[in-house]
Amino acid sequence: MSGTGSIGRRLTLLLAGVAALLSVLSWGMVTSFALQAAERTQDNILAASATIIAETLRTEQGEVRLELPYAAFSMLGAVSEDAVYYRVMAGDDMLTGYEDLTGGRQPDLPGQVVFDTIEYRGASLRMASITRLVLAGTQPQPVTVSVAQTRNGIGTIAGDLSQTAAIMSVAFFVLAVALSAFAARTSLRPLTDFAQAVSRRGPSDLRPLRREAPAELAPLMTSLNRLMDRLGQSIRRSEDFIAEAAHRVRTPLATVRAQAEIVLHSTESEDEKHRLRKMIRAVDESSRSAGQLLDHATVAYRAENLARDQVDLADLAATVADALRPTASMKDIEIELTTESALVLGDPVLLENALRNVLDNAVKYSADETTIALRVASDGIESVITVCDQGPGLGDGPVDHLTERFRRGGNVEGIVGSGLGLTIASDVLTAHSGRLDLHSQEEGPGACVSLVLPSA
Amino acid sequence: MRIACLAVCLSLWAVCAAAQEIEDHRHYPGTGSQVLRIVSTADLEVFEPFLLRFQASRPALGIDYTVVSSAELHRAIRDGMAYDLALSSAMDLQFQLANDGYARAYRSEVTDALPDWARWRDLIFAFTAEPAVMVISSERFDGLPLPATRQDLITVLRDNPDRFRGAVGTYDVRDSGLGYLFATQEARSSDAYWRLSEVMGRLDPQLYCCSAQMIDDVAEGRLALAYNVLGSYAEERLAREDNSNLRIIRMEDFANVMLRTAMIPANAEAVAEAGAMLDALLTEGMREARGDLVLPPLQRSSDPERLSFGPIRLGPALMVYLDPLNRRAFLEAWENAMEQR
């Protein structure tokens, strides 16, 4: 994460960088345009001033006369506070103005206005010159009018505009950064959504993602789906293998048990009978474990394509209670059934599996001559089957862990068990959008396990 | 050798000093060695109270105050004579000095507070706004209607040639920079100027260099009216002596408002002191209260007459009439109007 950083931040920084570059560029352009515009304005005013002066040239008795028009200078003063210099030359003689205002381009043709930038008295001047032919005596005489102005005004105007442009550029930049951040976040939203969709999934949900993904994310989604498909297949294969193995173990075990029973009934030796009973119990446990493994595989398989049949939990509870009563009666345990009709939607096989495992657990952990209460209740929203025993309870450890695979409670020493029972129940309920609640009896010893399902 | 050198220097200084037509000069010694040299067109009588007040706040500073004509001041600064502050009533000459690079830029909080029209490029600063007025002798006008416009004045002068012959005073625009400024600005603004000049020219007008003398002559009855006199001098005169004969008339059709301007010459030495003096002048100029003002202020917002016409604008247009060709043409026209015998 720290190595490659955040795409969003990188995108934002990149866009901000582009915006900064554009801001600086636009500022530079505005500044240069402002300077050009200011220069052109000054040129125009200087040209107007020089032209007005040239227009007032006249001759009196063969002599060139000039009366500087007031407007020629007042218009220069109106625009900026710049020093003004001028010079009027009749041929090679100076008529009036600043004698040392020399240099600069001179117009080639009469009537043409030329501009130049010159150095004068330590300042940079912009000068406009115009030549007019004035009839002096018999000869037309060229008279050149030059009007020059310092350039502080255009510097100020350009500076002001440049400053405004700079402020606008900064504002533009800030806006662009904000928009960049927004754009980065918006364009990365599909990715975030995608990640959330994946992380929201349950641990065993390996269905392919079916989402509208942008073109850039499609390959990732395809790869992910392919990976999940392969993973699912792999899990399914191993579950098939487990189911197959359990099945194959259970059948010979049944044979062994049957043979052992025959031997038990035919033998006279108490010692041998005792050993054979121990053997039969071990075979029973193994068979039960194999059955549970099979159940687990069944749950994993059936939960993927869950059936949605209407099931009455009352019937289910009655069936399971009947099935386990022989086992219970061996320990003189009574199963007390209290039911009301509670309809749910689901896979009857799985639900039965779950309840059987829970009830089986209860029978297994209960002491002889106790009662197990099996209650079915429904409040219209949730339907609950509760199994309460009078066994040793849940122990002191965290209750949630008990539903993990092969995890057993902290107080089960001496009792044979695989630790799969509650896992199976929990998986079934999760597949049905229900949950398994474990809690100790409020009064007296024992634990209660509730299978909570949404009502139909 | 050293003494000889000193002698040469002294004599050179003496020559320089002699070359300059000094109207008045006064030195106010300070307790320290620093001296602020001011060259000004303002009469000492008007200006002294302000100088004393300034010196009271900085007793260490000596002040050397020289009064010259505005043309003389212009020439002195152009020739590079050593002054630290130049105060002139001739805006055009002062502006030309600044335009041509003889002024040093100065900036302070006070100059920043000045209205735009009262300064040009941190080089010259206006510290008073003084209107041109007409001063009349009440005795000589006895029984005549008091003119309020130029047209009224033309009518009065034309109808009573005997009463006003030889008794009309105005600036000799050939000598007086301020007179030339008033005349050119008035000629530009109002066509009545030339008609008025024609009428005055027929009455054998008396020509003066300075406002003060014109006011004196009106006060003493030698003149019936003085045209284009500095209002500030007239008011100061009225404030100083209770003269029932003297009367100030402001033209209602149009009046020039001259800005008295200050600048620090480019070769000034006591720049900081000159700046302090300038700030003091501008602060005084920007005050609203009339009470104890020594100088007429820049703005009189309470005075409605001030609103009808603004002061002469500080800008390159002022240089138009300084152009030798224009000046020659204007003086020719003026002489033709004024001197018809």
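Up top is the structure.
Residues numbered from 1 in each chain as written. Chains lettered and ligands numbered in written order. Predicted model: local features only at pLDDT ≥ 70, side-chain atom pairs only at ≥ 80, totals over all residues.

Draft legend 1. Spatial organisation of the environment of A:Arg151. Take A:Arg151: it is sitting in the loop between strand S7 (139-150) and helix H3 (152-199). For the pair A:Arg151 and A:Gln42, spaced 109 residues apart in sequence, the C-alpha separation works out to 8.5 Å. (Helix = DSSP H or I, 4+ residues; strand = E, 2+ residues; numbered from the N terminus.)

Draft legend 2. Highlighting helix H2 (residues 44-57) of chain B. All names here are of chain B. Taking 1.5 Å as the rise per residue, H2 with 14 residues should run 20 Å; its terminal C-alpha atoms sit 19 Å apart, in good agreement. Along H2, the residues classified as buried are Val46, Phe47 and Leu51. Relative to the axis of H2, the buried residues are bounded by an arc of 105° and lie together on one face. Across from the buried face of H2, at angles greater than 90 degrees, the exposed residues are Leu52 and Ala56. Where the residues of H2 are buried, they touch strand S1 (24-28), strand S2 (35-40), strand S3 (62-67) and helix H11 (231-240). (Expected span 1.5 Å × (residues − 1). Buried ≥ 20, exposed ≤ 12 C-beta atoms within 10 Å, placed from the backbone. Arc of directions from axis to C-beta. Contact = placed C-beta atoms within 7 Å.)

Draft legend 3. Up close: the interface of chain B and chain A. Each partner contributes to the interface: chain B provides 15 residues, whereas chain A provides 14 residues. Ranked by residue count, the leading element in the side of chain B that touches chain A is helix H14 (residues 324-338) of chain B, at four residues.

Draft legend 4. Molecular detail of the sheet that holds strand S6 (residues 123-136) of chain A. Residues and elements named next belong to chain A. Ordered in space as S4-S3-S7-S6-S5, the five strands form an open sheet in which the pairing is antiparallel. On the outer flanks of this sheet lie strand S4 (93-97) and strand S5 (113-120), each paired with one strand and no other. Neighbour to neighbour, the strand axes of the sheet diverge by 25° on average, direction disregarded. In terms of strand pairing, strand S3 (residues 84-90) meets S4 through four bridges, oriented antiparallel. Bridge pairing in S4 places Arg87 opposite Gly97. Sheet strands in contact with helix H1 (residues 7-55) are S3, S5, S6 and S7, and its direction is about 30° off that of S6. (Pairing = 2+ DSSP bridges. Axes fitted to C-alpha atoms, helices over the stretch in contact; angles between N-to-C directions.)

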